[in-house]
Amino acid sequence: MIQFIVSIILFFVLFFGIGFILNMLLRATWVMSFVYPIVVCFIVDDFPFSTYFLDTGDAFSTLWLNLRALTPVDITILASGFVGTIIAGFVIRWLRKQGYQMF
């Protein structure tokens, strides 16, 4: 149980930080929220990236099976990372609205 809670906090903080930095550098508020599903695909799959180009049909069918095999615990942990990216977008918008120029 403690590992589950730590994993949720870790994913939230990790993707909040990555999203915040990307939003700050690229000046595109929701960039990490759109990239996050791709990151989840890389977390879930167990084959090299080149497989998506060399054997597209098999790669996406295997990815779909892996996504359907996720347990509620895995989905909760991955969802906490997505919530982190969304909150990072809102924080960046709020900081820009407050007048911080570097954000």
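Keep in mind that this is a model prediction, so the values were computed, not measured.

A. The packing of helix α1 (residues 2–26) against helix α5 (residues 72–97), seen in detail. Following both chains from N to C, one finds α1 and α5 inclined at 35 degrees, their axes separated by 7 Å at the closest point. The two elements α1 and α5 cross, and the hand of that crossing is right-handed. For the contact of α1 with α5, a count of residues per class yields 17 nonpolar, nine polar and one charged.

B. Molecular detail of the side chain of T51. Along the chain, T51 falls in helix α3 (residues 51–54). According to the relative accessible area criterion, T51 is buried, its value standing at 18%. Residues in contact with T51, not counting those within four places in the same chain, are T56 and A59.

The rules behind each value
Residues numbered from 1 in each chain as written. Predicted model: local features only at pLDDT ≥ 70, side-chain atom pairs only at ≥ 80, totals over all residues. Heavy atoms only, no water. Axes fitted to C-alpha atoms, helices over the stretch in contact; angles between N-to-C directions. Helix = DSSP H or I, 4+ residues; strand = E, 2+ residues; numbered from the N terminus. Left-handed = near helix turned anticlockwise from the far one by under 90°. Nonpolar A, V, L, I, M, F, W, Y, C, P; charged D, E, K, R; others polar. Buried < 20%, exposed > 50% of the residue type's maximum accessible area, 1.4 Å probe, protein only. Contact = heavy atoms within 4.5 Å.

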